[in-house]
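# Understanding the architecture of this molecule
Read off the chains here:
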Amino acid sequence: MNPSGRSVRMDCPVLDQAEIPVPAPFAIRPYQPGDEAAWLAIHRVADAHNTFRDDTFTAQFGTDADLLRRRQLYLLDGAARPVGHMRQPKGHMSFHT
């Protein structure tokens, strides 16, 4: 969440049919093992009013890397660092920065 108290959300009914253009130098890639730490860092910065424990990612999404690759995308900055993520729960895509 930003200082104005607003968040960004994008819905996409079918992830595999989505074309998601991003301006340079940003890029989008699917989940990779180790992204749990990036997810935590993104949420800790974006939502300072909640507590995210080290096991929050696993508790919410599990450990199936193949499923996570199909359901999560990460927005990367110009240095290829994850700065946002998208997930597809129950048939729609949510985007968090």
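What counts and how
- Residues numbered from 1 in each chain as written.
- Predicted model: local features only at pLDDT ≥ 70, side-chain atom pairs only at ≥ 80, totals over all residues.
- Heavy atoms only, no water.
- Pairing = 2+ DSSP bridges.
- Helix = DSSP H or I, 4+ residues; strand = E, 2+ residues; numbered from the N terminus.
- Polar contact = N/O pair within 3.5 Å; in protein donor to acceptor, adjacent residues only side chain to side chain.
- Contact = heavy atoms within 4.5 Å.
- Core = buried A, V, L, I, M, F, W, Y, C linked by side-chain atoms within 4.5 Å.
- Buried < 20%, exposed > 50% of the residue type's maximum accessible area, 1.4 Å probe, protein only.

### Looking at the pairing of strand S3 (residues 82–87)
Where strand S2 (residues 72–76) lies against S3, five bridges are found, and the strand directions are antiparallel. Across the sheet, residue Tyr-74 finds its bridge partner in S3, namely His-85. With antiparallel pairing between neighbouring strands as the criterion, S2 and S3 make up a hairpin whose turn holds five residues, including Ala-80 at a positive phi of roughly 65°.

### Description of the side chain of Arg-29
By the secondary structure assignment, Arg-29 is in strand S1 (residues 27–30). Of the polar contacts made by the side chain of Arg-29, one reaches the side chain of Asp-35; its length is 2.7 Å. If we skip the residues at most four places from it in the chain, Arg-29 touches Asp-35, Gln-72, Leu-73, Tyr-74, Leu-76 and Pro-82.

### Comments concerning unusual backbone geometry
Negative phi values dominate among residues other than glycine, just as trans dominates among peptide bonds. Each neighbour pair has its own omega, and for Ala-24 with Pro-25 the value is 10°, a cis peptide bond. Relative to the elements of secondary structure, Pro-25 occurs in the segment before S1. Not every positive phi belongs to a glycine, and Ala-80 is a case in point at roughly 65°.

### Quick look at the nonpolar core
Ranked by size, the top nonpolar core spans nine residues in total: Tyr-31, Trp-39, Leu-40, Ile-42, Phe-52, Phe-57, Leu-68, Tyr-74 and Leu-76. Of all the elements in the fold, those that place two or more residues in this core are helix H1 (35–46) and S2. Take this core: its biggest share by element is three residues, from H1. With sequence-adjacent residues up to four places away left out, Phe-52 is seen in contact with Trp-39, Leu-40, His-43, Arg-44 and Asp-47.

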